[in-house]
Amino acid sequence: TTAGNCLVNPTKASDGNFASVSSGQTVVTFNRAAQAKLTITSKSGKYGKASKLTVSGGSGAGKVGYSVVGGSAKKCHVKGSSLTTGSTGTCLVKATKAADRNHAATSSSLVKFYIARAAQRALLVTSTSGSYGSPVVFATTGGSGSGHISYSVVDGTAAKCLAKGTLLTAATAGTCLVKAAKALD
């Protein structure tokens, strides 16, 4: 019921014309079977978050391990079944399922694991008031990464609200509804 060796003592029984005969002990070897095809089923993740690697297939009770063999993302690293990176891009990943008593070890094909940009944290304009006749200097909190922040006027009750660089001006007292956007990095 398992791979390994069996010792066999073959004997041919006698019949009406011949006596029984036995050979010497013979070793019969049952080799480990090949495993079913092993496939990495997880193919993508987000930057800044560990990605869980998963497989399907394989046979037996051998442990699955993962390795990184290249890719365009910086610092692709596997610990257990978690993949982390230092940038967006791809990591070339291979899975190997160890041998057990009845099955030989097997490896998957290389898979390109895609690391996409992560969503930024919420970006909020924190400069919310100023005095007529003096420009308001924009300040923000939140967002992620090093992308450039730009400002635009959406609406308002003040006349001629104008966002230029990091300054907001208006021709009259009132409100200016402003939107901030942070570029990708």
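Preceding block: the structure.
Residues numbered from 1 in each chain as written. Predicted model: local features only at pLDDT ≥ 70, side-chain atom pairs only at ≥ 80, totals over all residues. Heavy atoms only, no water.

Peer 1: Quick rundown of the state of the cysteines? Include the residues and the values.
Peer 2: Inspection of every chain in the model, using the stated rule, returns two disulfides. The disulfide partner of C76 is C91, and the gap between their sulfur atoms is 2.0 Å. The chirality of the disulfide connecting C76 with C91 is left-handed, given an S-S dihedral of about -80 degrees. Here the residue C76 occupies a position in the loop between β9 (64-70) and β10 (77-79), and C91 occupies one in strand β12 (residues 89-97), the gap between them amounting to 15 residues. Across the disulfide from C161 sits C176; the S-S distance is 2.0 Å. Handedness of the C161-C176 disulfide follows from its S-S torsion of about -80 degrees: it is left-handed. Pair noted here: C161 is in the loop between β18 (149-156) and β19 (162-164) and C176 is in strand β21 (residues 176-182), with a separation of 15 residues, a long-range link. On the basis of relative accessibility, which here comes to 18%, the residue C161 falls in the buried class. (Disulfide = S-S within 2.5 Å. Helix = DSSP H or I, 4+ residues; strand = E, 2+ residues; numbered from the N terminus. Buried < 20%, exposed > 50% of the residue type's maximum accessible area, 1.4 Å probe, protein only.)

Peer 1: Any chance you could break down the sheet that holds β19 for me, citing the residues and the numbers?
Peer 2: Backbone-to-backbone hydrogen bonds pair the strands of a sheet. The strands run either parallel or antiparallel. The antiparallel open sheet is built from three strands, whose spatial order is β16-β20-β19. The strands lining the two open edges of the sheet, one partner per strand, are β16 (136-137) and β19. Bridging between β16 and strand β20 (residues 167-169) involves two bridges; their strand directions are antiparallel. When the sheet's bridge partners are listed, V137 is paired in β20 with L167. (Pairing = 2+ DSSP bridges.)

Peer 1: I'd love a proper account of the nonpolar core, names of residues and values included.
Peer 2: Counting 14 residues, the largest nonpolar core has L53, Y66, L83, C91, V93 and F113 as its most contacted members. Looking at this core, the elements that each hand over two or more residues are β5 (38-40), β12 and β14 (111-116). Among the nonpolar cores identified, the runner-up in size contains five residues, and V136, Y151, L168 and A180 belong to it. (Core = buried A, V, L, I, M, F, W, Y, C linked by side-chain atoms within 4.5 Å.)

Peer 1: Now, about the packing of aromatic side chains: what can you tell me, with residues and values included?
Peer 2: Between two aromatic rings, the relevant description is the distance of the centres plus the angle of the planes. For the structure shown, the criterion picks out one aromatic pair. Judged by centre distance (4.1 Å) and plane angle (10 degrees), the rings of F138 and Y151 are stacked. On the criterion of sequence distance, the pair formed by F138 in the loop between β16 and β17 (140-142) and Y151 in strand β18 is long-range, its members being 13 residues apart. Accessibility classification places F138 together with Y151 in one group, the buried group. (Phe/Tyr/Trp six-rings, centres within 6.5 Å; stacked < 30°, edge-to-face > 60°.)

Peer 1: An account of the side chain of S127 is requested, with residue identities and associated values reported.
Peer 2: Considering the arrangement of structural elements, one finds S127 in the loop between β15 (123-125) and β16. Of the polar contacts made by the side chain of S127, one reaches the backbone oxygen of V137; its length is 3.2 Å. Engagement of the side chain of S127 in a polar contact is seen with the backbone nitrogen of A139, the distance being 3.0 Å. When near neighbours in sequence (up to four residues on either side) are disregarded, S127 contacts V136, V137, F138 and A139. (Polar contact = N/O pair within 3.5 Å; in protein donor to acceptor, adjacent residues only side chain to side chain. Contact = heavy atoms within 4.5 Å.)

Peer 1: Can you tell me about the sheet that holds strand β11 (residues 82-84), naming the residues and giving the values?
Peer 2: Read across the sheet, three strands follow the order β7-β11-β10 without closing on themselves; strand pairing throughout is antiparallel. Each of the sheet's edge strands pairs with one partner strand only, and the pair in question is β7 (51-52) and β10. Of the strand pairs in this sheet, β7 and β11 are connected by two bridges, and their pairing is antiparallel. Its bridge partner lying in β11, S51 is registered against L83.

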